[in-house]
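# Examining the three-dimensional arrangement
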Amino acid sequence: MKRLRYFVALWASKSAYILLRLLKRNATMFPGRVALKICPDYLAQTKKSPNVICVTGTNGKTTTTNMVADILSESGYKVVSNRYGSNINTGVATALTHSVNVFGKPKTEILALEVDERFSRLILPFIKPDYLIVTNLFRDSIKRNAHPEYIFSILDTYVPKNTKLILNADCLQSSQLLKDNEKVFFSIDRLPTDVTECVNLINDFSTCPVCDEKLKFNYLRYHHIGNAFCPSCGFKSFEAKYHLTNIDYEKQEITVSFDGKSDTYPMVNRTLYNIYNELAAISLMNEFGVDIKKVKDYLMKISVTETRYKEGIVGKTSVIRTMAKGQNSVSCSRTLDFVGGEPGEKSVFIMIDDLFERKDSSEFIGWIYDADFEFLNTPEMKQVILAGPRCYDYKLRLLIAGLPEEKIFCEEDEFKAVKLIDKDVSKFYLLHDTSTYDLACEVEEMVIAELKAFNEKGGEQK
Ligand SMILES: [Zn+2]
């Protein structure tokens, strides 16, 4: 009876997918929802591919999962992932539907799944991953994710005991997960930009988890990312197997050492958080046994997906569009740090409203006081344009961060805001949210058109 119900769910799910595709509709969640409605234990009942790899964590899971899935398919494996779908249980159920034939037999060799950390309790115990990458654990949207320790407890409880973990030794939070599981760590060695005292507003891991003494840091990169030790009880960060020993921004290369060997890899993206994602993917590939040459060949070909980061040049201006997740103060701070630290004169256009909740109000604007907008307060910052209905909240935040008022421009309508940009600038950054991505692409096109017109007129401001 149980199996019959499973097959009805599977066929209904496959039919729903075909139907939606015929109607040219998005079919990433609904087929899974149908399956789970008919057969609530669909995730457990589905026969899995021989290898199941999952990626979770607060930031970087989409980029890392895509990299992992792509390297594996380039290496000749048949892979199903939820890259165009959702990372909650319904999206995973849809991916499972694709991974088996109508008789329920696996037709792929590898399932590579991005798993939402909060939903992991509804997913991981049933799909039992062989490998799990946890990119990091940070404070995220308070309404959705509460405190990082809450997310930690979910993962610590629901990750199966046989799952091998690939963890970030520099993340003091997630590296402490699952004491008894088999695991390997990756880390980035001390960088010239590292410090030993936290300069960020958020630091969710400042005391020793054993004796509560204030931790000391051999290096601290940002927030609680670094290498720590307790001066009183001997607690310290885990030793990594995979060390990133050098970042060469000029040659666009990173050096990774493991098992006594050092190798250089193409740098997929020069933001530090994406270098962590790449290092996580490289670590997993070696654990999985993929030929390192294939990994390098593939990394040479790719860049971080355009929904997250895009760079172009118009005349003398570099136009960089990058995601700064709203409600997620750490992710946003990482982007602000990157933008603020880039050399040269620049202007920034910020549109980080939560579009889904815009009709009523933003989810909770208090998060902007946890994000390090101070990084934008540099002499090279020519102007900051704040666009969208929340622009005045952002203006107040920037004033508190010390940015001179004459550098701040507000406009509730994103398209009208484009008219405010100073076109005589060498770098222009467009920061958007996940939900404002489509809108940001339209704004970007307008910006490019404005810059082209400006250049054609010989560089005179209107
Ligand atoms: Zn201690």
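From a predicted model like this one, the values you see are computed outputs, not experimental measurements.

### Description of the coordination of the zinc ion
The protein atoms that coordinate the zinc ion are Cys 208 (SG), Cys 211 (SG), Cys 230 (SG) and Cys 233 (SG), at distances of 2.3 Å. Between the four donor atoms coordinating the zinc ion, the angles at the centre fall across 101 to 118°, so the site counts as tetrahedral. Here the donor residues of the zinc ion are spaced in sequence according to C-x2-C-x18-C-x2-C. With Cys 208 in the loop between strand E6 (183–188) and strand E7 (216–222) and Cys 230 in the loop between strand E8 (225–229) and strand E9 (242–248), the pair connects residues that are 22 residues apart, well separated along the chain. On the accessibility criterion, Cys 208 (1% relative accessible area) is buried. For Cys 230, a relative accessible area of 5% translates into the label buried.

### Topic: the packing of helix H4 (residues 61–74) against helix H9 (residues 272–288)
Remark: H4 packs on H9, axes separated minimally by 9 Å, with the N-to-C direction vectors making an angle of 40°. In this view, H4 runs oblique relative to H9, as classed from their interaxial angle. H4 and H9 meet at a crossing whose hand is right-handed. Contacts from Thr 63, Thr 64, Met 67, Val 68, Ile 71 and Leu 72 in H4 reach Asn 274, Asn 277, Glu 278, Ala 280, Ala 281, Leu 284, Met 285 and Phe 288 in H9. For the contact of H4 with H9, the class distribution of residues is nine nonpolar, four polar and one charged.

### A word on the domain arrangement of the protein chain
Under the domain assignment used here, the protein chain contains domain 1 (2–301) and domain 2 (309–456). For domain 1 versus domain 2, the separation of C-alpha centres amounts to 29 Å. The interface of domain 1 with domain 2 comprises 18 residues on the first partner and 24 residues on the second. Across the domain 1/domain 2 interface, buried area totals approximately 1,800 Å², and carbon plus sulfur atoms make up 47% of it. On the domain 1 side of the interface with domain 2, the three residues burying the most area are Leu 201, Arg 270 and Tyr 273, jointly 31% of the side's total. At the surface where domain 1 touches domain 2, the tally comes to three salt bridges. For Glu 311, the salt bridge is made with Arg 270, and the minimal N-O distance between the two is 3.2 Å. Summed over the shared surface of domain 1 and domain 2, the number is 10 residue pairs in polar contact (both at pLDDT 80 or more).

### Describing helix H14 (residues 437–456)
Taking 1.5 Å of rise per residue, the 20 residues of H14 would be expected to cover 28 Å, and the 28 Å separating its terminal C-alpha atoms lies within 8% of that figure. Within the sequence span of H14, burial applies to Leu 439, Ala 440, Cys 441, Val 443, Glu 444, Val 447, Glu 450, Leu 451 and Phe 454. As for H14, its buried residues are in contact with strand E12 (309–314), strand E13 (317–323), strand E14 (346–351), helix H13 (414–418) and strand E17 (427–432). After H14 finishes, the residue Gly 458 shows a positive phi value of roughly 85°.

### Thoughts on the state of the cysteines
Summed over all chains, the structure comprises zero disulfides. Between Cys 39, a cysteine without a disulfide, and Cys 54, which holds the nearest cysteine sulfur, the sulfur-to-sulfur distance is 19 Å. Between Cys 54, a free cysteine, and Cys 171, which holds the nearest cysteine sulfur, the sulfur-to-sulfur gap is 19 Å. Relative accessible area serves as the criterion here: at 0%, Cys 54 is assigned to the buried category.

The rules behind these values
- Residues numbered from 1 in each chain as written.
- Predicted model: local features only at pLDDT ≥ 70, side-chain atom pairs only at ≥ 80, totals over all residues.
- Heavy atoms only, no water.
- Donors = N, O, S within 2.8 Å, 3.2 Å for Na, K, Ca; no water.
- Tetrahedral: all angles 85-135°; square planar, octahedral: opposite > 155°, others 65-115°.
- Helix = DSSP H or I, 4+ residues; strand = E, 2+ residues; numbered from the N terminus.
- Buried < 20%, exposed > 50% of the residue type's maximum accessible area, 1.4 Å probe, protein only.
- Axes fitted to C-alpha atoms, helices over the stretch in contact; angles between N-to-C directions.
- Parallel < 35°, antiparallel > 145°, perpendicular 65-115°, else oblique.
- Left-handed = near helix turned anticlockwise from the far one by under 90°.
- Contact = heavy atoms within 4.5 Å.
- Nonpolar A, V, L, I, M, F, W, Y, C, P; charged D, E, K, R; others polar.
- Domains from an automatic or database assignment.
- Buried area = accessible area lost by both parts, 1.4 Å probe.
- Salt bridge = Lys/Arg side-chain N within 4 Å of Asp/Glu carboxyl O.
- Polar contact = N/O pair within 3.5 Å; in protein donor to acceptor, adjacent residues only side chain to side chain.
- Expected span 1.5 Å × (residues − 1).
- Disulfide = S-S within 2.5 Å.

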